[in-house]
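Coordinate analysis (summary)
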Amino acid sequence: MEKKLMGVFAPISTPFTADGHVDYGGLAKNAKYYAAAGLKGYLALGSNGENKSLSNKEKLRVLEAVVQNKGEGQTVMAGCIFESTMETIEMGKEMCKRGTDFLTLLPPCYFKKQMTDDVLLRYFSDVADVMSVPCLVYNAPQYAGGVGLSPKLIRHCADHPNIVGVKDSSTGNMEGILFAVRDKPDFTVMAGSVNNFFTAMTMGGAGGVLSLSNSFPEVTVELYNLLVEKRYPAAIALNARLLEINRAIGGAGGVAAVKAAMDMNGLVGGDPRLPLPPLTAEQKEALKAKLKGFGLLN
């Protein structure tokens, strides 16, 4: 199980045409490029995929496009993100039918005060009980209305036979999570950001789902390989560079900047779906200058 999750994944973005419809051809083009770049696979329908801006019908078509265009041996995770247990289960079953290898589950957040550890454990367990593929819990309070997953909750999730890991995109919680599941060697911990990728990999994590992989996948794969090979001086230097690049892209402009950087590197990024605004022309020029300064563009 862990071998399927060892490596770098792109939280693949969803490109749109000029009139705001999903660009499935562009999505297929990007997936084929990523397959050749050495990525282990994809997280479809995550935050970079603008999950909440897609209809349920579009979500399933996006997942189908990713599955159909993945490379040989690549793994696909799908973000199954809803507020009710019933709708999560209904969509999760449809995603399983369409060939996803794993589901990632973000905690419900609309009724934030009621989302205690006990409530969330039941939510994750009820969904995982009836899925035909393994599940990962997704710790990203910035995308879940401030609802985070405590290390204690994640440790309880690790006892469920069909919850096999966690994707952690939180700030400063990686060490606590890794310590909490230290007695669960089959439970996979994955970094959800370049910001905690180095820590995860040097403390027993399996890999990462890295936004930077959308625009420049090769450098993220290079860092992973350096860490696996324990070439730490080179890994430390490259990690410092990637932290700067990541701040220049997603850290400053979010999904819009990620998509703009993709366009600059010959991929199909395009604009986010409204109401999320694209970068201005001035912001794009500033980003391009920074990426050239990093030696990523000619």
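**Overview of the pairing of strand S6 (residues 163-168)**
Among the 6 residues in S6, 6 count as buried, and that is most of the element. Bridge count between strand S5 (residues 135-139) and S6: 5 bridges; the pairing is parallel. Note on S6: the bridge partner recorded for Val 137 is Val 166. You can see the chain leave S5, run along helix H5 (residues 151-157) and come back into S6, and the turn it takes is right-handed. Once the chain exits S6 it traverses helix H6 (residues 174-180) before rejoining the sheet at strand S7 (residues 188-191), and the crossover so formed is right-handed.

**Details of helix H11 (residues 281-293)**
Counted at 1.5 Å a residue, the expected span for H11 with its 13 residues is 18 Å, and the 18 Å between its end C-alpha atoms agrees. Just downstream of H11 lies Gly 295, where phi reads positive at about 75 degrees.

**Some points on the layout of surface pockets**
In this approach, a probe sized like a water molecule rolls over the atoms, and the result shows the empty space that is left. The volume enclosed by the largest pocket comes to roughly 560 Å³. As for the largest pocket, its lining consists of 31 residues, of which Gln 142, Gly 192, Ser 193, Asn 195 and Asn 246 are closest to the centre. Among the elements of the structure, H6, helix H7 (194-202), helix H9 (232-248) and helix H10 (250-264) are those that each provide at least two residues to the lining of the largest pocket. Considering each element in turn, the lining of the largest pocket owes the most residues, 5 residues, to H10. The space that makes up the second largest pocket amounts to roughly 330 Å³. Taken together, 21 residues line the second largest pocket, and the ones lying closest to its centre are Met 201, Met 203, Gly 204, Gly 205 and Ala 206.

**Overview of the environment of Leu 39**
Topologically, Leu 39 is positioned in the loop between helix H1 (24-36) and strand S2 (41-44). Separated by 30 residues in the primary sequence, Leu 39 and Phe 9 place their C-alpha atoms 5.8 Å from one another. When residues no more than four places from it in sequence are discounted, the contact partners of Leu 39 are Val 8, Ala 10, Tyr 34, Gln 74, Ser 213, Pro 217, Thr 220 and Val 221.

**A word on the pattern of salt bridges**
Tallied over the full model, the rule gives 11 salt bridges. Asp 101 is paired through a salt bridge with Lys 70; the nearest N and O atoms lie 3.7 Å apart. Separated by 31 residues along the polypeptide, Asp 101 in the loop between helix H3 (85-97) and strand S4 (102-105) and Lys 70 in the loop between helix H2 (56-69) and strand S3 (75-79) bring together distant segments of the chain. Residue classification places Lys 70 among the partly exposed residues on the basis of a relative accessible area of 28%. With a closest N to O distance of 3.3 Å, Glu 94 and Lys 97 form a salt bridge. Residue Glu 94 and its partner Lys 97 are located together in helix H3, separated by 3 residues, close to a single helical turn. According to the relative accessible area criterion, Glu 94 is partly exposed, its value standing at 25%. Bridged by salt links that share partners, the residues Glu 64, Glu 94, Lys 97 and Arg 98 form one connected network.

**Some thoughts on the packing of aromatic side chains**
For the structure on display, the rule yields 4 aromatic pairs. Consider the rings of Tyr 34 and Tyr 42, whose centres lie 6.2 Å apart with planes at 45 degrees: the pair is tilted. On the basis of relative accessibility, which here comes to 0%, the residue Tyr 34 falls in the buried class. Put simply, the rings of Tyr 33, Tyr 34 and Tyr 42 pair up and form one aromatic cluster. One residue, Arg 182, lies across the ring of Phe 179, its end atom 3.8 Å from the ring centre.

Rules of the game
- Residues numbered from 1 in each chain as written.
- Predicted model: local features only at pLDDT ≥ 70, side-chain atom pairs only at ≥ 80, totals over all residues.
- Heavy atoms only, no water.
- Buried < 20%, exposed > 50% of the residue type's maximum accessible area, 1.4 Å probe, protein only.
- Helix = DSSP H or I, 4+ residues; strand = E, 2+ residues; numbered from the N terminus.
- Pairing = 2+ DSSP bridges.
- Right-handed = clockwise from strand over helix to strand, strands pointing away.
- Expected span 1.5 Å × (residues − 1).
- 1 Å grid on protein atoms, 1.4 Å probe; cavity = no way out; pocket = protein on both sides within 12 Å on 5 of 7 lines; lining within 4 Å.
- Points joined across faces, edges and corners; volume = space filled by probe spheres on them.
- Contact = heavy atoms within 4.5 Å.
- Salt bridge = Lys/Arg side-chain N within 4 Å of Asp/Glu carboxyl O.
- Phe/Tyr/Trp six-rings, centres within 6.5 Å; stacked < 30°, edge-to-face > 60°.
- Lys NZ or Arg CZ within 6 Å of the ring centre and 35° of its normal.

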